[in-house]
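# Structural description and commentary
Chain by chain, the residues run as shown.
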Amino acid sequence: MTVERSGLDENRQVIREEILSMGEKAGRALLEVIEALDHLDPERARAIIDADKDFNQCNESIHEECLTLIARQQPMASDLREIVSGLQVAVELERIADHVADIARIAQKLKPEAIPPLWDEIRRIAEHCNEMLAKMMGAFQDRDPVQARVIASRDDEIDRMHDLVTGNTIEFMQTHSNAVINGTRVIWITHHLERIGDRITNIGEHILFAISGETEDWNRS
C-alpha cells in the first residue's frame, strides 16, 4: 500500500467515524425531545434547541475535511463516491437535528390543557424514527445498501402513522374548539417526524450510491 493510499484510507475512516458519531448524537436528541414532549419540559426543550448549533458545526467540519481530502488526494471512482456520499449523509443528519430542534420549540409552547389525546401515537412515531435512524447508521457503518433499502421501506409505516395522527387531530379539533392551537402544533410535530423519516431514507440512498454508483428515489410514493 502506497503512502498516498494509506493516508486516503485513514482520512476516510476518520470522516466515517465522525459521521457515525453525528448520527448517534441525532438519535440521542430525538430521544430527548420525546421526553421533553412527554413532560412538557421547557428547560429540556431549550437544551435541545441550544445543542442544535453543535450539529451545524459538525456538518461544517465534515464538509471541510471531505473537500480538503478531495483536493489533496484527488480520489477516483468508489473512493470519491464514498466521500461525496459522506458529505450528503452529514447534511441529512444536520437537517434531522433541525427537525428535532423545531419539535423542541413546539414543546415549549404546548399547554397541558386541551391537547388532543394522541401522545401514545406520537411517541410511537418518534421511537420508530429513532430505531430506523440507528439501524440506518448501522447500514452506513457496514456499507450495506441491501440492508439500507430494507430499513428505508419502514418509512411507509411512519407515513401511515403520520396520516392517522393528522386525521385524528383534525377530527378532535372539530369538536373541541379550545384545542385548535395545540392541535395545530401536534400536526406540526408529526410533520417534522415524517420529514425525519424521509431524511433517514435519503441516507439509505446515499449508501446505495457510495457502494454501487446507482441513484434511486426511495421517497417516491
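Presented here is a report on the structure given in the accompanying data block. (Residues numbered from 1 in each chain as written. Predicted model: local features only at pLDDT ≥ 70, side-chain atom pairs only at ≥ 80, totals over all residues. Heavy atoms only, no water.)

## Considering the overall build of the protein chain
- The secondary structure content of the protein chain amounts to seven helices and zero strands.
- Its helices and strands taken in sequence order, the protein chain reads α-α-α-α-α-α-α from the N to the C terminus.
- Counting only C-alpha atoms, the protein chain reaches 70 × 35 × 20 Å along its principal axes.
- Scored against the burial criterion, the 221 residues of the protein chain give a buried share of 46%.
- Sequence separation of 24 or more characterises 80% of the internal contacts of the protein chain that already satisfy a separation of 6 or more.
- If you sum the accessible surface of the protein chain, you get close to 11,200 Å²; carbon and sulfur atoms cover 50% of it.
- Computed over 25 positive and 42 negative side-chain charges, the separation of the two mean positions in the protein chain equals 1 Å. (Helix = DSSP H or I, 4+ residues; strand = E, 2+ residues; numbered from the N terminus. Buried < 20%, exposed > 50% of the residue type's maximum accessible area, 1.4 Å probe, protein only. Contact = heavy atoms within 4.5 Å. Areas by Shrake-Rupley, 256 points an atom, 1.4 Å probe, with all protein chains shown as cover. Lys, Arg positive; Asp, Glu negative; His and termini not counted. Charge placed at Lys NZ, Arg CZ, Asp CG, Glu CD.)

## Side note on the nonpolar core
- One finds Leu93, Ile96, Leu193 and Ile203 to be the most contacted residues of the largest nonpolar core, which totals 58 residues.
- Of all elements in the fold, only helix 1 (3–39), helix 2 (42–73), helix 3 (77–109), helix 4 (119–142), helix 5 (145–152), helix 6 (155–175) and helix 7 (180–212) reach the threshold of two or more residues within this core.
- Apart from the residues within four sequence positions on either side, Leu93 is in contact with Ile19, Met22, Gly23, Ala26, Leu133, Met137 and Ile203. (Core = buried A, V, L, I, M, F, W, Y, C linked by side-chain atoms within 4.5 Å.)

## Focus: helix 6
- The end-to-end C-alpha distance of helix 6 is 31 Å, a good match for the 30 Å that 21 residues give at a rise of 1.5 Å each.
- Among all positions of helix 6, only Asp155, Ile158, Met161, His162, Val165, Thr166, Thr169, Phe172 and Met173 are buried. When helix 6 is viewed along its axis, its buried side chains cluster within an angular range of 135° and face the same direction. Looking at helix 6, the residues exposed on the side facing more than 90 degrees away from the buried face are Asp156, Asp163, Glu171, Gln174 and Thr175.
- Against helix 4, helix 5 and helix 7 lie the buried residues of helix 6. (Expected span 1.5 Å × (residues − 1). Arc of directions from axis to C-beta.)

## Some points on the pattern of salt bridges
- Overall, the coordinates contain 20 salt bridges when judged by the stated rule.
- The salt bridge involving Glu82 is made with Arg16; its shortest N-O contact spans 2.2 Å. Residue Glu82 is located in helix 3, and its partner Arg16 is located in helix 1; the two are separated by 66 residues in the primary sequence. The burial state of Glu82 is the same as that of Arg16; both residues are buried. (Salt bridge = Lys/Arg side-chain N within 4 Å of Asp/Glu carboxyl O.)

## So, unusual backbone geometry
- Phi angles above zero are rare outside glycine, and Leu40 is one such case at about 45°.
- Within the secondary structure, Leu40 is located in the loop between helix 1 and helix 2.

## Remarks on the packing of helix 5 against helix 7
- Packing of helix 5 against helix 7 brings their axes to within 9 Å, and their N-to-C directions diverge by 160°. With respect to each other, helix 5 and helix 7 are oriented roughly antiparallel. Note on packing geometry: the crossing formed by helix 5 with helix 7 is left-handed. Residues Pro145, Ala148, Arg149 and Ala152 of helix 5 pack against Thr201, Gly204, Ile207, Leu208 and Ile211 of helix 7.
- When grouped by side-chain class, the residues that make up the contact of helix 5 with helix 7 number six nonpolar, two polar and one charged. (Axes fitted to C-alpha atoms, helices over the stretch in contact; angles between N-to-C directions. Parallel < 35°, antiparallel > 145°, perpendicular 65-115°, else oblique. Left-handed = near helix turned anticlockwise from the far one by under 90°. Nonpolar A, V, L, I, M, F, W, Y, C, P; charged D, E, K, R; others polar.)

## A closer look at the environment of Cys58
- By secondary structure assignment, the location of Cys58 is in helix 2.
- Its relative accessible area of 22% is what places Cys58 among the partly exposed residues.
- A C-alpha to C-alpha distance of 7.2 Å links Cys58 and Met22, two positions 36 residues apart in sequence.
- When residues no more than four places from it in sequence are discounted, the contact partners of Cys58 are Met22 and Lys25.

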